[in-house]
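Survey of secondary and tertiary structure
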Amino acid sequence: DRLVVLDRPPMKSPSFAKPSRLNRFVLAVASVLAAAVGFAVASVLLAVLLAAGLAAGGWLWWQYRRLTRQARAAPSDFIEGEYRIESELPALEDRRTASAEPADRTASALRRAP
């Protein structure tokens, strides 16, 4: 229940020696060289990816041209014909027993369920 506080000395940050002018110059030259190499690698990578993308796009375009030429040359499977829209619904008839019954039916026979 009691809070125990330990007396610790405050942490000290390590002291580094101040870099010399030669160290700072070498660090600056290395930083500039690293940035230049990074830009060079990035531009070469961009050029390679751009060339690969153009090659893939050209190949797809060429395949598309070939397929459209084949589709135009192939015979069509369409059946040509005419159609009309009928506004009246056709009358339903029982075709299962149509051959066994006489052709003229009465109105009451048509209303009966089979």
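Above this text sits the structure in question.
Not measured: the values here are computed from a predicted model.

**Quick word on the overall build of the protein chain**
- Looking only at helices and strands, the protein chain has two helices and zero strands in total.
- Burial statistics for the protein chain: of 114 residues in total, 0% are counted as buried.

**Some points on a nonpolar patch on the surface**
- Residues L22, F25, V26, V29 and L33 make up a contiguous nonpolar surface patch of roughly 500 Å² in combined accessible area.
- Here V26 shows up in helix α1 (residues 21–73).
- Given the relative accessible area of 49%, V26 is considered partly exposed.

**Section: the pattern of salt bridges**
- The full count for this structure, using the stated rule, is one salt bridge.
- Taking the shortest distance from any N to any O, the salt bridge between E86 and R84 comes out at 3.8 Å. For the pair shown, E86 and R84 are each scored as exposed.

Rules of the game
Each residue is numbered by its place in its chain's sequence as written, counting from 1. Predicted model: local features are reported for residues with pLDDT of at least 70 only, side-chain atom pairs are reported and counted for 80 or more only, and whole-chain, interface and lining totals are derived from all residues. As a rule here, side-chain values come from all non-hydrogen atoms in the structure, and water together with hydrogens is ignored. The helix count covers DSSP runs of H or I at least four residues long, the strand count covers runs of E at least two residues long, and both are numbered beginning at the N terminus. For every residue, the accessible area (1.4 Å probe, protein chains only) is compared with the maximum for its type, and the residue is labelled buried under 20%, exposed over 50%, or partly exposed between those bounds. Only residues whose relative accessible area exceeds 30% and that take part in no salt bridge are eligible for patches, with like-charged residues grouped when within 9 Å of each other and nonpolar side chains (Val, Leu, Ile, Met, Phe, Trp, Tyr) grouped when within 5 Å. Working definition of accessibility: Shrake-Rupley area with a 1.4 Å probe, residue cover restricted to the visible protein chains. The working definition used for a salt bridge is a side-chain nitrogen of Lys or Arg within 4 Å of a carboxyl oxygen of Asp or Glu.

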